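Observations on the model geometry
Residues per chain are reported as follows:
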Amino acid sequence: MIIDTHIHLDDKSYVEDLEEVIQRAQSHNVKGALIPGADPKDLPRAIEICEKYENIFFSVGVHPYHARDLNIDYLERFAAHPKCIAVGECGLDYFRLPEDESEKKEEKRIQKEVFIKQIALAIKLQKPLIVHIRDASFDSREILITHDAKKVGGVLHCYNASDILLDLDQHGFYYGIGGVLTFKNAKKLVEILPKIPLEKIVLETDGPYLTPHPHRGKRNEPYYTTLVLSKISQLLEIPEQTIEGILEKNTQMLFKAFEKVS
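Anyway, here's the lowdown on the structure attached to this text. These numbers were taken from a predicted model, which means no experiment stands behind them. Every chain begins its residue count from 1, and numbering advances along the sequence as written. Residue-level local features of this predicted model are given only where pLDDT is at least 70; pairs of side-chain atoms are given and counted only at 80 or more, and the full residue set underlies all totals for whole chains, interfaces and linings. Calculated side-chain values reflect all of the structure's heavy atoms, with hydrogen atoms and water omitted.

**Notes on the overall build of the chain**
Scanning the chain for helices and strands turns up 8 helices and 8 strands. Throughout, the radius of gyration refers to the C-alpha atoms, and the reference size of a globule is 2.2 Å times the residue count to the power 0.38. In terms of overall dimensions, the chain is globule-like: its C-alpha atoms have a radius of gyration of 17 Å, near the 18 Å expected for 262 residues. For the chain, the C-alpha atoms occupy an extent of roughly 50 × 40 × 35 Å along the three principal directions. A buried classification covers 56% of the 262 residues belonging to the chain. Contacts are assigned to residue pairs with any non-hydrogen atoms lying within 4.5 Å of each other. For the chain, restricting intrachain contacts to residue pairs at least 6 apart in sequence, the fraction spanning at least 24 positions comes to 72%. Throughout, the Shrake-Rupley method with a 1.4 Å probe supplies accessible areas, and for residues the shown protein chains are the sole cover considered. Split by element, the accessible area of the chain, about 12,000 Å² in all, is 49% carbon and sulfur. Distance between charge centroids for the chain: 2 Å, based on 34 positive and 41 negative side chains. Labels follow the DSSP assignment, with helices taken as runs of H or I lasting at least four residues and strands as runs of E lasting at least two, numbered in each case from the N terminus. For every residue, the accessible area (1.4 Å probe, protein chains only) is compared with the maximum for its type, and the residue is labelled buried under 20%, exposed over 50%, or partly exposed between those bounds. Just so you know, the count uses Lys and Arg for positive and Asp and Glu for negative, and it drops His and the chain ends. Charge positions are represented by NZ for Lys, CZ for Arg, CG for Asp and CD for Glu.

Structure (structure tokens):
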């Protein structure tokens, strides 16, 4: 069984054919999915989907691009829903910082403050974190360690291939591997992959984004996790069936709700 641990099914690109997307995934043995909270305004739609489909769950969180929209009370209200199983995606993203140095400093400050608040929320709720890291490995690692994220653990989403983050498996974190692994320019991730303990890897798509080869340019969707699984199998030289079984157990260890999925 395959589980997509990061798929934005609440995105408008799935409105017209969500049922077909889910059926297609199930026909390819993708039996469950997790919708991450990125933009607070999308949470009602995520809940609507999760209440309709038994094996789909969601998380509450604010992506660093929406850091100024953080309202902890609002997130906590949605987190009380029985199908909310994590906090995030939260974290740091320095890819699009302002050029002005004072503005850049302020943007980093806000992102860090909002990230820390969501770590505290996860600890309060005792739910694992979904952590977004882009061009911010050092600061992210420091915050996760110094603010006791180990108490809940979680997953590094769309794993930012950096040696700096490799020891976070010792702090309760898993590594989300998605379509980027299949890209021709993913040399660093391909190099890093064998260094990640296999029992600490989970699958994700980040759909509708980051569609794996050979479908780049098209909308991503859960069944494409099968392509990522095949690539992991190829790179590690381990049979796909073996990899699939290990990653299934990993996901169920991290997100207990998926233990009931079959």
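Further notes follow.
**Overview of the sheet that holds strand S6 (residues 154-157)**
Working definition: the strands of a sheet are paired by backbone hydrogen bonds and lie parallel or antiparallel to each other. Two strands make a pair as long as DSSP finds a minimum of two bridges between them. Judged by pairing direction, the sheet is parallel, and its 8 strands sit side by side in the order S1-S2-S3-S4-S5-S6-S7-S8 without closing on themselves. The open sheet has two free edges, formed respectively by strand S1 (2-4) and strand S8 (201-203), since each of these has just one partner strand. With direction set aside, neighbouring strand axes in the sheet form an average angle of 30°. Note that strand S3 (residues 56-60) and strand S4 (residues 84-93) share 3 bridges and pair parallel. Opposite Phe58, over in S4, you have Cys84 as the bridge partner. Of the strands in this sheet, S4 and strand S5 (129-134) touch helix H4 (residues 101-125), which is tilted by about 160° from S4. Working convention: axes come from line fits to C-alpha atoms, limited for helices to the stretch in contact. Angles between N-to-C directions cover 0 to 180 degrees.

**Details of the side chain of His157**
Counting through the fold element by element, His157 comes out in strand S6. For His157, a relative accessible area of 2% translates into the label buried. In terms of polar contacts, His157 uses its side chain to reach the side chain of Glu89, at 3.5 Å. The residues touching His157, leaving out its near neighbours within four places in the chain, are His6, Glu89, Ile130, Val131, His132, Ile133, Glu204 and Asp206. By the criterion applied in these results, polar contacts are pairs of N or O atoms within 3.5 Å in which, for protein atoms, one can donate a hydrogen and the other can accept it, and in which residues neighboring in sequence qualify only through two side-chain atoms.

**Concerning helix H2 (residues 43-52)**
Within H2, burial applies to Leu43, Ala46, Ile47, Ile49 and Cys50. Take H2 and look down its axis: the buried residues cluster within an arc of 160°, on one side only. For H2, the exposed residues lying more than 90 degrees away from the buried face are Glu51 and Lys52. Buried-residue contacts for H2 involve helix H1 (18-27), strand S2 (30-35), S3 and helix H3 (72-79). Throughout, the arc means the angular range of directions from the helix axis out to the C-beta atoms.

**Digging into the packing of H4 against helix H5 (residues 137-146)**
Remark: H4 packs on H5, axes separated minimally by 10 Å, with the N-to-C direction vectors making an angle of 35°. Both H4 and H5 take part in a crossing whose hand is right-handed. Taking contact as the criterion, the partners of Lys112, Phe115, Ile116 and Ile119 in H4 are, on H5, Asp139, Ser140, Ile143 and Leu144. Here the residues of the contact of H4 with H5 are counted per class, giving 5 nonpolar, 1 polar and 2 charged. Here is the rule for handedness: rotate from the far helix to the near one, and if that takes an anticlockwise turn smaller than a right angle the crossing is left-handed, while a clockwise turn gives right-handed. Classification used: nonpolar for Ala, Val, Leu, Ile, Met, Phe, Trp, Tyr, Cys and Pro, charged for Asp, Glu, Lys and Arg, polar for all others including Gly.

**Some thoughts on H1**
Inspection of H1 places Leu18, Val21, Ile22 and Ala25 among the buried residues, and these make up the whole buried set. Burial along H1 is one-sided: seen end-on, the buried residues are contained in an arc of 95°. The elements touched by buried residues of H1 are S2, H2 and S3. Of the residues trailing H1, Asn29 is marked for its positive phi of about 70°.

**Thoughts on the side chain of Ser233**
Mapping Ser233 onto the fold places it in helix H7 (residues 225-236). Since its relative accessible area comes to 10%, Ser233 is described here as buried. Other than its neighbours up to four places away in sequence, Ser233 contacts Ile238, Pro239, Glu240 and Ile243.

**Describing the pattern of salt bridges**
Only one rule defines a salt bridge in this text: a Lys or Arg side-chain nitrogen within 4 Å of an Asp or Glu carboxyl oxygen. Following the criterion strictly, the structure yields 17 salt bridges and no others. Glu113 serves as the salt-bridge partner of Arg109, at 3.0 Å between the closest nitrogen and oxygen. Linking Arg109 with Glu113, this pair stays in helix H4, spanning 4 residues, or about one helical turn. Across the pair Asp167 and Arg141 runs a salt bridge whose closest N-O atoms are separated by 2.6 Å. With Asp167 in the loop between S6 and strand S7 (173-177) and Arg141 in helix H5, this residue pair connects regions lying 26 residues apart in the sequence. Residue classification places Asp167 among the partly exposed residues on the basis of a relative accessible area of 28%. One continuous salt-bridge network, built from bridges that share partners, spans Asp17, Arg24, Arg219 and Glu221.

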